[in-house]
Amino acid sequence: MAEERVTSILKKSQLSVTDSRRVILDIFLQSGNALAHHDIEARTGEKYDRVTVYRTLQSFMEKGIIHTIPTTDNSVKYALCRDECEEGHHHDNHIHFICESCGTTTCMEEIIVPLIQLPKGYRASQINMVVNGMCNKCK
Ligand SMILES: [Zn+2]
Ligand SMILES: [Zn+2]
Ligand SMILES: [Zn+2]
């Protein structure tokens, strides 16, 4: 089943089904949480080098399969997008929750980032809202 989902997402995004794309997309589907580059490397073992993982993530981002989440230590995490994201056009205007206890980052897709009023002459292209605290598993 997961296999079918992986293949259909890649097909829909017009990406050829390569081994690394298949495996890395499957890791996202299994995980449910946002993943850092090193999480993905840890789960693929020594199978792919850094560049392969990086390129695979880049192609997923360009195609609207995953989006990035900034973290407090200036690194980045990746999470699956919903269906409405497409090539070159993301709609990930939800907040992200980072648990201070277990470190997981969760997409809260039902909570939309509130519109903010910027001073005249400023135009936002993206708003990231990250909430830190304790998740429901750590409470
Ligand atoms: Zn997206
Ligand atoms: Zn937690
Ligand atoms: Zn998200």
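So, how was this worked out
Residues numbered from 1 in each chain as written. Chains lettered and ligands numbered in written order. Predicted model: local features only at pLDDT ≥ 70, side-chain atom pairs only at ≥ 80, totals over all residues. Heavy atoms only, no water. Donors = N, O, S within 2.8 Å, 3.2 Å for Na, K, Ca; no water. Tetrahedral: all angles 85-135°; square planar, octahedral: opposite > 155°, others 65-115°. Buried < 20%, exposed > 50% of the residue type's maximum accessible area, 1.4 Å probe, protein only. Helix = DSSP H or I, 4+ residues; strand = E, 2+ residues; numbered from the N terminus. Pairing = 2+ DSSP bridges. Axes fitted to C-alpha atoms, helices over the stretch in contact; angles between N-to-C directions.

Novice: Explanation requested: the coordination of the zinc ion (ligand 1) in the structure shown.
Specialist: Note on metal sites: the ideal angle is 109.5 degrees for four tetrahedral donors, and 90 or 180 degrees for six octahedral donors. Surrounding the zinc ion (ligand 1) are the protein donor atoms Cys 81 (SG), Cys 85 (SG), His 90 (ND1) and Asp 92 (OD), at 1.9 to 2.2 Å. Viewed at the metal, the four donor atoms of the zinc ion (ligand 1) are separated by angles of 99 to 118°, and the geometry they form is tetrahedral. Counting the intervening residues between successive donors of the zinc ion (ligand 1) yields the motif C-x3-C-x4-H-x1-D. Overall, Cys 85 belongs to the buried group, its relative accessible area being 6%.

Novice: Help me understand unusual backbone geometry, please; the structure alone is not making it clear to me.
Specialist: Outside of glycine, negative phi angles account for most residues, and trans bonds account for most peptide bonds. The backbone of Gln 14 shows a phi angle near 55°, a positive value even though the residue is not glycine. Tracing the backbone through its elements, the reader meets Gln 14 in the loop between helix 1 (2-12) and helix 2 (19-31). Within the chain, Asn 74 stands out as a residue other than glycine whose phi angle is a positive 65°. In this fold, Asn 74 is placed in the loop between strand 2 (66-70) and strand 3 (76-80).

Novice: Explanation requested: the sheet that holds strand 4 (residues 94-99) in the structure shown.
Specialist: Backbone-to-backbone hydrogen bonds join strands into a sheet, with any given pair of strands oriented parallel or antiparallel. Taking strand neighbours across the sheet as the criterion, the three strands line up as 5-4-6 in an open arrangement whose pairing is mixed. Here the strands that pair on one side only, and so sit at the sheet edges, are strand 5 (105-112) and strand 6 (130-133). Pairs of neighbouring strands in the sheet enclose a mean axial angle of 30°, with direction left out of account. Two strands pair when backbone bridges link them, and strand 4 and strand 5 are joined in this way by five bridges, in the antiparallel orientation. By the bridge assignment, Phe 97 is partnered in strand 5 with Thr 106.

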